[in-house]
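Each chain, written out:
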Amino acid sequence: MANRAYNFNAGPAALPLEVLQKAQEQFVEFDNSGMSLMEMSHRGAIYEKVHFEAEALLRELLAIPDGYKVLFIQGGASTQFAMIPMNLLPKGSTAAYVATGSWATKAIQEAKLFGETSIAASSEADSYKRIPSIVELAYSPDVAYLHITSNETIEGTQWSEFPDTGEVTLIGDMSSDILCRPIDVSKFGVIYAGAQKNLGPSGVTIVIIREDLIVKPAASVPTMMRYDTHAKADSLYNTPPTFAIYMMNEVLKWVKANGGAAGMEARNREKAGFIYDVIDNSNGFYRGFAEKDSRSLMNVTFTLANEELEKQFVKESEAQGFVGLKGHRSVGGLRASIYNAVPPESVRALASFMKEFHSRNA
Ligand SMILES: *Cc1c(COP(=O)(O)O)cnc(C)c1O
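Cut-offs used in this document
- Residues numbered from 1 in each chain as written.
- Predicted model: local features only at pLDDT ≥ 70, side-chain atom pairs only at ≥ 80, totals over all residues.
- Heavy atoms only, no water.
- UniProt positions renumbered as here; feature names shortened; annotations may be inferred.
- Pairing = 2+ DSSP bridges.
- Helix = DSSP H or I, 4+ residues; strand = E, 2+ residues; numbered from the N terminus.
- Right-handed = clockwise from strand over helix to strand, strands pointing away.
- Near = heavy atom within 4 Å.
- Polar contact = N/O pair within 3.5 Å; in protein donor to acceptor, adjacent residues only side chain to side chain.
- 1 Å grid on protein atoms, 1.4 Å probe; cavity = no way out; pocket = protein on both sides within 12 Å on 5 of 7 lines; lining within 4 Å.
- Sits in = over half its atoms within 2 Å of the grid points.
- Nonpolar A, V, L, I, M, F, W, Y, C, P; charged D, E, K, R; others polar.
- Salt bridge = Lys/Arg side-chain N within 4 Å of Asp/Glu carboxyl O.
- Buried < 20%, exposed > 50% of the residue type's maximum accessible area, 1.4 Å probe, protein only.
- Contact = heavy atoms within 4.5 Å.
- Core = buried A, V, L, I, M, F, W, Y, C linked by side-chain atoms within 4.5 Å.
- Lys, Arg positive; Asp, Glu negative; His and termini not counted.

The protein chain goes by Phosphoserine aminotransferase in an unreviewed UniProt entry, where it is assigned to Cohnella lupini. UniProt, in its Function (unreviewed entry) section for the protein chain, records the words "Catalyzes the reversible conversion of 3-phosphohydroxypyruvate to phosphoserine and of 3-hydroxy-2-oxo-4-phosphonooxybutanoate to phosphohydroxythreonine."

Next up, the structure:
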């Protein structure tokens, strides 16, 4: 495809071209069935094969140990902000959160609707430019769980290692960096992620939950908001988002064919390096937002000397086929989201544009 944009959108975001083309081929008729996958029952054998293949691939690619359920739920990661406390924060307990930025803040706000929260560490005083170090974390051993946001999509910060929380259940919102690198799932009680950054289109959210945490919540929790509902029914309690799950399955096949989680990490480190190198070698023309040891492999955030120059950067980049480089309205500046599916060639093209823009505006 000749005129494909250099897509740096933050989410929904770039998908592998091969996946889009295969989906196009399979769209009208799936597997000699005389119909589209979107026209058939989610209780039929053809859809079920796709559904369970996606689950098996996620288990394989993330090396999910036995004793965890993988759930496909709707409502986005934002719904998980509520489902986590609804299911896992019993009356009278406190949930600890690490306040790392915009998304962690939303998770905390939602938990407050259901119970007590405490802040185990916060980088708010540093404008969320960094991820607190593991030694800074302070929480009572009695908390119901400790919640972290592995990658702050808006600020462009990412945890480089995860804490060992022992008996305390660790919960991770990995919406914007799931499968960007290998992780040790066994450190977590729950991992959740909306699909539309690294796994596929919007519409499905994955929840990886240790089986002992799938308990009957308070009687007032609605059926659809209970993990045990979805776990018992293999995420087929009600109609799942069949197209989103089909697309995710194809993206997972693409990840596998490209080296799995380790292959993605190598590719992502190389890509992120292209842009951070330009920033670091620009004599302050480009200023990285995140502190160096908290930099994200997925969202590269930076500013220029003033807003006017940033506007000019966005305008000129758009004219050259770059999309999505304006920073989130809450922090301003510029942001390049370089999720798994963003091709290295797009990132190399951006690095060249940045150098050229610098030399013209130095
Ligand atoms: C995008 C994002 C969310 C929100 O996801 P929705 O699917 O839109 O609800 C939550 N957390 C993080 C880290 C995100 O990047």
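A. Main features of the pairing of strand E4 (residues 116-122). Pairing geometry for strand E3 (residues 94-99) and E4, over 6 bridges, is parallel. For Thr94, the partnering residue across the bridge sits in E4 and is Glu116. Note that the unit made of E3, helix H4 (residues 102-111) and E4 has a crossover that is right-handed.

B. Region of interest: the site of the ligand. The full set close to the ligand counts 13 residues, and Ser78, Thr153, Asp173, Gln196 and Lys197 are the nearest of them. Here an oxygen atom of the ligand sits 2.7 Å away from a polar atom, N or O, in the side chain of Lys197. Its atoms largely coinciding with the cavity grid, the ligand occupies the largest pocket. With 4 residues, the single largest contributor to the shell around the ligand is helix H3 (residues 76-88). Its residues assigned to classes, the shell around the ligand comprises 3 nonpolar, 8 polar and 2 charged.

C. Layout of the pattern of salt bridges. A full pass over the atoms with the stated rule returns 16 salt bridges. In this structure, Arg360 and Glu316 form a salt bridge, with 2.8 Å as the shortest nitrogen-oxygen distance. Placement of the pair is Arg360 in helix H9 (residues 344-361) and Glu316 in helix H8 (residues 307-319), with a sequence separation of 44 residues. On the basis of relative accessibility, which here comes to 41%, the residue Arg360 falls in the partly exposed class. When salt bridges with common partners are traced through the structure, they connect Lys22, Glu53, Glu250 and Lys253 into a single cluster.

D. Local environment of the UniProt feature "modified residue: N6-(pyridoxal phosphate)lysine" (unreviewed entry) in the protein chain. Within this numbering scheme, the UniProt entry marks Lys197 as carrying the feature "modified residue: N6-(pyridoxal phosphate)lysine" (unreviewed entry). Looking at the element boundaries, Lys197 is found in the loop between strand E9 (190-194) and strand E10 (205-210). Other than its neighbours up to four places away in sequence, Lys197 contacts Ala10, Gly11, Ala13, Thr153, Ser175, Ser176 and Tyr339.

E. Representation of the sheet that holds strand E12 (residues 299-303) in the model. Ordered in space as E11-E12-E14, the 3 strands form an open sheet in which the pairing is antiparallel. One side of each edge strand has no neighbouring strand; the edge strands of this open sheet are strand E11 (287-288) and strand E14 (334-337). Bridging between E11 and E12 involves 2 bridges; their strand directions are antiparallel. Bridge pairing links Gly288 to Phe302 in E12.

F. View of the nonpolar core. Core analysis: the largest hydrophobic core is formed by 55 residues, its most contacted members being Leu62, Phe72, Ile206, Ile208 and Met248. Counting residues per element, this core draws most heavily on helix H6 (residues 242-257), at 9 residues. In terms of nonpolar packing, the next biggest core, distinct from the first, is built from 35 residues, Phe302, Val342, Val347 and Met354 among them.

G. Examining the side chain of Glu310 more closely. For Glu310, the location among the structural elements is in helix H8. An unpaired buried charge is present at Glu310: no salt bridge exists, and Arg287, the closest side chain of opposite charge, is 7.7 Å distant. In contact with Glu310, not counting residues within four places along its chain, are Thr303, Leu304, Gly333 and Leu334.

H. View of the pairing of E9. Most of E9 is tucked away, with 5 of its 5 residues classed as buried. Residues Val190, Tyr192 and Gly194 point to one face of E9 and Ile191 and Ala193 to the other, with burial holding for every one of them. Pairing of strand E8 (residues 170-173) with E9 involves 3 bridges; the strand directions are parallel. From the neighbouring strand, Asp173 faces E9, where its bridge partner is Tyr192. Pairing between E9 and E10: 5 bridges, direction antiparallel. Paired with Val190 across the bridge in E10 is Ile209.

I. Up close: unusual backbone geometry. With an omega of -10°, the peptide bond between Gly11 and Pro12 qualifies as cis. Within the secondary structure, Pro12 is located in the loop between strand E1 (6-7) and helix H1 (17-27). Its identity is not glycine, yet Ser127 carries a phi of approximately 55°, on the positive side. Along the chain, Ser127 turns up in the loop between E4 and strand E5 (146-149). What makes Ser127 partly exposed here is its relative accessible area of 41%.

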